[in-house]
Amino acid sequence: MRDAGAVVRETFAALDARDLDRFRALLHPEAQDRFLAVGTFSGPDAIVAFFEELFAAVPDARLEVRRVVSDGDLAVVEWTMRGTFNGSSFQGIRPTRKRVEIEGVDVVEVRDGLQYRNSIYYDGATFARQIGMLPQLGSSADRAMLALFNLRARLPR
């Protein structure tokens, strides 16, 4: 049986190649992906649909695996995704034609040689800043938004 490191390398290679049929074949029938910034997707159909939406929104997306650490049925993957948000909407957000570079970490549990559980950690605020949904960190708009938030936090309930 393949170790978790081999399984995640193959799943990430399938995603980077946009080979969603191969990716689906690597998912356990009870697979679950929990994107902390977006939500939980249960079952191969829902997980594949998420990536179909992502690739439609960022047609030139490239997924670089920077490091894989594995032990038995568990693997941790550091990755970077780069591309341009110039396709269709993603999670209700209309495309802005902005370049994005997102770093993240997946913690993947493998069962029966297939991806079973995956917790995906990435900085959703950085993505929001890159596409213009939030102001740039340290900008005057960012400082104003922070000041307004702090003012609101001081108001009596």
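Not measured: the values here are computed from a predicted model.

Trainee: Can you help me understand the nonpolar core in this one?
Mentor: Nonpolar side chains in soluble globular proteins tend to be buried together. The biggest cluster of nonpolar side chains holds 38 residues, and the ones touching the most others in it are Phe23, Phe51, Trp79 and Met81. For this core, the element with the highest residue contribution is helix 3 (residues 44-57), accounting for seven residues. If sequence neighbours within four positions are ignored, phenylalanine 23 has contacts with Thr11, Ala14, Leu15, Ile47, Val48 and Phe51.

Trainee: Hey, could you run me through the pattern of salt bridges in this one?
Mentor: If charged atoms from side chains of opposite charge come close, those side chains can pair. Taken as a whole and judged by the stated rule, the model has ten salt bridges. Aspartate 60 is the salt-bridge partner of arginine 99, the closest N and O atoms lying 3.2 Å from each other. On the criterion of sequence distance, the pair formed by arginine 99 in strand 5 (residues 98-111) and aspartate 60 in the loop between helix 3 and strand 3 (62-71) is long-range, its members being 39 residues apart. Aspartate 60 gets classed as partly exposed once you look at its relative accessible area, which sits at 33%. For arginine 111, the salt bridge identified is with glutamate 109, shortest N-O distance 3.9 Å. When its relative accessible area of 35% is taken as the criterion, arginine 111 is described as partly exposed. Members of the salt-bridge network, linked through shared partners, are Glu64, Arg82 and Glu101.

Trainee: Looking at this model, I keep getting lost on the pairing of strand 2 (residues 39-42). Mind explaining?
Mentor: Regular strands place side chains that alternate from one sheet face to the opposite one. The sheet contact formed by strand 1 (residues 27-35) and strand 2 spans four bridges and is antiparallel. Within strand 2, the residue paired with glutamine 32 across the bridge is serine 42.

Trainee: I tried to follow empty space enclosed by the protein on my own but got confused; where do I start?
Mentor: If a probe as big as a water molecule is rolled over the atoms, it shows which places are left empty. If you walk through the whole model with that rule in mind, you get one cavity of 30 Å³ or more. Roughly 350 Å³ of volume is contained in the largest cavity. Mapped onto the lining of the largest cavity, the elements with two or more residues apiece are helix 1 (4-16), strand 1, helix 3, strand 3, strand 4 (74-85), strand 5 and strand 6 (114-122). The residue inventory of the lining of the largest cavity, partitioned by class, reads 19 nonpolar, three polar and five charged.

Trainee: How should the packing of aromatic side chains be read in this particular structure?
Mentor: To describe a pair of aromatic rings, you give the distance between the ring centres and the angle between the ring planes. The tally for this structure, following the rule as stated, stands at eleven aromatic pairs. Ring geometry for phenylalanine 23 versus phenylalanine 51: centroids 5.3 Å apart, planes at 75°, classification edge-to-face. One end of the pair, phenylalanine 23, is in helix 2 (residues 20-25); the other, phenylalanine 51, is in helix 3, with 28 residues separating them in the sequence. With relative accessibility at 1%, the residue phenylalanine 23 sits in the buried group. Summarising the aromatic geometry, the rings of tryptophan 79 and tyrosine 122 are spaced 6.5 Å apart at their centres and angled 55° between planes, so their arrangement reads as tilted. Taken together, the residues span a long stretch of sequence, with tryptophan 79 in strand 4 and tyrosine 122 in strand 6 at a distance of 43 residues. For tryptophan 79, a relative accessible area of 8% gives the class buried. The ring of phenylalanine 55 carries the charged tip of arginine 18 above its face, separated from the ring centre by 4.3 Å.

Trainee: Just checking my understanding: could you explain the pairing of strand 5 for this structure?
Mentor: Here strand 4 pairs with strand 5 via twelve bridges, running antiparallel. Looking at the pairing, valine 77 lines up with aspartate 106 of strand 5. Of the strand pairs in this sheet, strand 5 and strand 6 are connected by eight bridges, and their pairing is antiparallel. Note on strand 6: the bridge partner recorded for arginine 111 is leucine 114. Hairpin remark: strand 5 followed by strand 6, antiparallel, with two residues in the connecting loop; positive phi at aspartate 112, about 55°.

Parameters at a glance
- Residues numbered from 1 in each chain as written.
- Predicted model: local features only at pLDDT ≥ 70, side-chain atom pairs only at ≥ 80, totals over all residues.
- Heavy atoms only, no water.
- Core = buried A, V, L, I, M, F, W, Y, C linked by side-chain atoms within 4.5 Å.
- Buried < 20%, exposed > 50% of the residue type's maximum accessible area, 1.4 Å probe, protein only.
- Helix = DSSP H or I, 4+ residues; strand = E, 2+ residues; numbered from the N terminus.
- Contact = heavy atoms within 4.5 Å.
- Salt bridge = Lys/Arg side-chain N within 4 Å of Asp/Glu carboxyl O.
- Pairing = 2+ DSSP bridges.
- 1 Å grid on protein atoms, 1.4 Å probe; cavity = no way out; pocket = protein on both sides within 12 Å on 5 of 7 lines; lining within 4 Å.
- Points joined across faces, edges and corners; volume = space filled by probe spheres on them.
- Nonpolar A, V, L, I, M, F, W, Y, C, P; charged D, E, K, R; others polar.
- Phe/Tyr/Trp six-rings, centres within 6.5 Å; stacked < 30°, edge-to-face > 60°.
- Lys NZ or Arg CZ within 6 Å of the ring centre and 35° of its normal.

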